[in-house]
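Breakdown of the fold
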Amino acid sequence: MKIVVLDGYTLCPGDLDYGALGELGEVIVYERTPPELAAERIADAPVILTNKVPITREVIDACPALRYVGVLATGYNVVDVQAAAQRGIVVTNVPAYSTQAVVQHAIALLLHDLSRVAAYDAQVKAGRWQRSEDFCFFAEPMEEIAGKTLGIVGFGHIGQAMARAAGGLGMRVLVHTPHPRDGWNDVQFVTLEALLGQSDVISLHCPLTEKTRGLIDARAIEMMRRGVRVINTARGPLIDGAAMAQALREGHVACYMADVMEAEPPRAGDPLLDAPNTVITPHVAWAPRQTRERLLRTAVGNVRAFLAGEPRNVVG
C-alpha cells in the first residue's frame with residue numbers, strides 16, 4: 001500500500017517522525033508540495049495525507065487510484081469533499097486534537113495585552129527599573145481579566161474549553177452559536193448582535209464557511225463597544241482585514257490578537273501587518289509538541305482504521 005504525505009514538514013519538522021505510518025505501507029513524505037505538483041506526486045497512491053495542500057476536483061480526477069484522503073488538521077476545507085464522495089473516496093480529519101493548546105494560546109494573547117508582560121520585560125532589560133526611584137515603576141496600562149465580558153463565537157470543542165477557562169478566570173461569558181447546548185448554566189447564549197454589543201473581549205472559534213467568511217466586517221465592528229479586544233485563533237478570513245485595521249487606527253478596537261491571517265504566509269501589504277495595537281503569531285497555536293504527537297497518532301489511527309475497513313473520523 002503506497003501512502004503519500006504531501007506536506008509533512010509542519011507536523012514533523014524534526015522532532016517527530018512518520019515511523020508508525022510506515023508500519024501500514026510504503027510511505028513517501030514530501031516536506032512541501034506546490035499545488036500544481038499535487039496530482040503528479042499522488043500518482044498511483046491509494047492513500048494520501050495532506051495538511052494545507054488543496055485536493056481539488058481536478059486533482060481527484062487526475063488520480064484514479066485514490067481511495068483515501070486524510071487531513072492532518074481539524075478543518076478540511078482543503079478537500080473538495082463533494083468530488084471525493086462522488087468517487088467513493090473516504091475523507092477523514094483529526095477532530096479536537098488541539099483544543100487545549102488553542103485555548104492556552106488564546107488566553108496567552110489576551111493576558112499579553114492586559115498584563116503587558118513583554119513590554120515590562122523589555123523595559124527592565126533596557127535599564128528602566130535600575131533607574132527607578134521607587135521599588136516599581138508604572139509605564140504600561142494594565143487591566144484585570146476578572147469581571148470582563150468575553151463573547152465566544154462558535155461553541156465546538158475549542159469554544160467550550162475557552163468558556164471553561166474564561167469562567168475560571170472570573171470572566172462573564174456570552175456565546176453565539178447556531179446550536180446552543182444544555183447544561184451550560186454559567187454562560188449566556190445570545191444573538192451575534194447582542195454579543196458584539198456587550199463584550200469587552202471577542203474570541204472567534206467558528207469554522208470558515210461561505211456564511212462566516214468576513215463575519216467581522218465594518219458593520220460588525222461598528223456594533224462593538226469602543227475599546228473592545230478581538231482574538232482570532234480560528235481562520236484569518238473570518239475577519240475583514242482592512243476594516244479591522246481601520247478600526248485599530250481609529251481606536252474603536254483596542255487590540256487585535258491573531259494566530260491566523262487571510263493568506264498564510266501573509267501577503268506583502270496586508271493591512272493588519274502595519275496596523276497599530278496588534279499581536280500576531282504565525283499559526284502556531286496548534287504546535288506544542290504534545291499536540292502534534294496527538295495529531296499524528298490520531299492520523300495514523302485513521303489510516304489504520306480505513307485499511308481495516310472500519311473508517312473513523314469521516315467527514316463530508
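About the criteria used
Every chain begins its residue count from 1, and numbering advances along the sequence as written. This being a predicted model, a pLDDT of at least 70 is required before a residue's local features are given, and a value of 80 or more before pairs of side-chain atoms are given or counted; all residues contribute to the totals for chains, interfaces and linings. In computing side-chain properties, one takes all heavy atoms of the structure into account and sets aside hydrogens as well as water. Using a 1.4 Å probe on the protein chains alone, a residue whose accessible area is under 20% of its type maximum counts as buried, one over 50% counts as exposed, and one in between counts as partly exposed. Numbering goes from the N terminus for both helices and strands, where a helix is a DSSP run of H or I of at least four residues and a strand is a run of E of at least two. By the criterion used throughout, a crossover qualifies as right-handed when its path from the first strand across the helix to the second strand runs clockwise, the strands pointing away from the viewer. Pairing between strands is defined by DSSP: at least two bridges between the two strands are required. Note on geometry: axes are C-alpha line fits, over the in-contact stretch for helices, and angles between N-to-C directions span 0 to 180 degrees. Should any heavy atoms of two residues lie within 4.5 Å, those residues are considered in contact. Comment on the angle field: the value is read as roughly parallel under 35 degrees, roughly antiparallel over 145, roughly perpendicular from 65 to 115, and oblique elsewhere. By the definition used in this description, the sense in which the near helix is turned from the far one sets the handedness, with an anticlockwise turn below a right angle giving left-handed and a clockwise turn giving right-handed. Three classes are used, and their members are as follows: Ala, Val, Leu, Ile, Met, Phe, Trp, Tyr, Cys and Pro are nonpolar, Asp, Glu, Lys and Arg are charged, and the others, Gly among them, are polar. Just to be clear on terms, a salt bridge is a Lys or Arg side-chain nitrogen sitting within 4 Å of an Asp or Glu carboxyl oxygen.

**Quick word on the pairing of strand β10 (residues 228-232)**
For β10, a buried count of five out of five residues is recorded, marking the element as mostly surrounded by other parts of the structure. Alternating residues of β10 divide into V228, V230 and N232 and R229 and I231, and every residue in both groups is buried. Between the parallel elements strand β9 (residues 201-204) and β10, the chain passes through helix α9 (residues 218-223) in a crossover that is right-handed. The pairing of β10 with strand β11 (residues 253-258) spans five bridges and is parallel. Across the sheet, I231 pairs through a bridge with M257, a residue of β11.

**Here we look at the sheet that holds strand β1 (residues 2-5)**
Within a sheet, adjacent strands bond to each other through the backbone by hydrogen bonds, running parallel or antiparallel. Reading across the sheet, the five strands line up as β2-β1-β3-β4-β5 and stay open at both edges, with parallel pairing between neighbours. The sheet terminates laterally at β2 (26-29) and β5 (90-92), the two strands that pair on one side only. Across this sheet, the average inter-strand angle for adjacent strands is 15°, counted without regard to direction. Pairing analysis gives three bridges linking strand β4 (residues 68-71) to β5, with the strands arranged parallel. Counted as the bridge partner of Y68 is V90 from β5. Against the sheet, helix α11 (residues 289-307) touches β1, β3 (47-50), β4 and β5, its axis set at about 160° to β3.

**What about the side chain of E140?**
Relative to the elements of secondary structure, E140 occurs in the loop between α6 (117-125) and β6 (149-153). Apart from the residues within four sequence positions on either side, E140 is in contact with R116, A119, Y120 and Q123.

**Let's talk about the packing of helix α5 (residues 99-115) against helix α7 (residues 157-168)**
Taken N-terminus to C-terminus, the directions of α5 and α7 make an angle of 50°; their axes are 9 Å apart at the nearest point. As judged from the angle between their axes, α5 and α7 are oblique. Note on packing geometry: the crossing formed by α5 with α7 is right-handed. Residue-level inspection shows T99, Q100, V102, V103, A106 and I107 of α5 in contact with α7, the latter providing H157, I158, A161, M162 and A165. In terms of residue class, the contact of α5 with α7 is made up of eight nonpolar, three polar and no charged.

**Looking at the pattern of salt bridges**
Inspection of every chain in the model, using the stated rule, returns twelve salt bridges. When the shortest N-O distance is used, the salt bridge between D113 and R116 registers 3.1 Å. Exposure remark for R116: the relative accessible area of 25% places this residue in the partly exposed category. Two residues, R213 and E210, come together in a salt bridge whose shortest N-O distance is 3.7 Å. Of the residues examined, R213 reaches a relative accessible area of 43% and is grouped as partly exposed.

**Re the sheet that holds β11**
Taking strand neighbours across the sheet as the criterion, the seven strands line up as β8-β7-β6-β9-β10-β11-β12 in an open arrangement whose pairing is parallel. Since the sheet does not close on itself, it has two edges, and those belong to β8 (187-189) and β12 (278-280), each with one partner. Taken pair by pair, the neighbouring strands of this sheet meet at an average axis angle of 15°, ignoring direction. As judged from the four bridges shared by β6 and β9, these two strands associate in the parallel manner. Paired with V153 across the bridge in β9 is L204. Along the sheet face, helix α10 (residues 241-250) touches β10, β11 and β12 and points at about 140° away from the line of β11.

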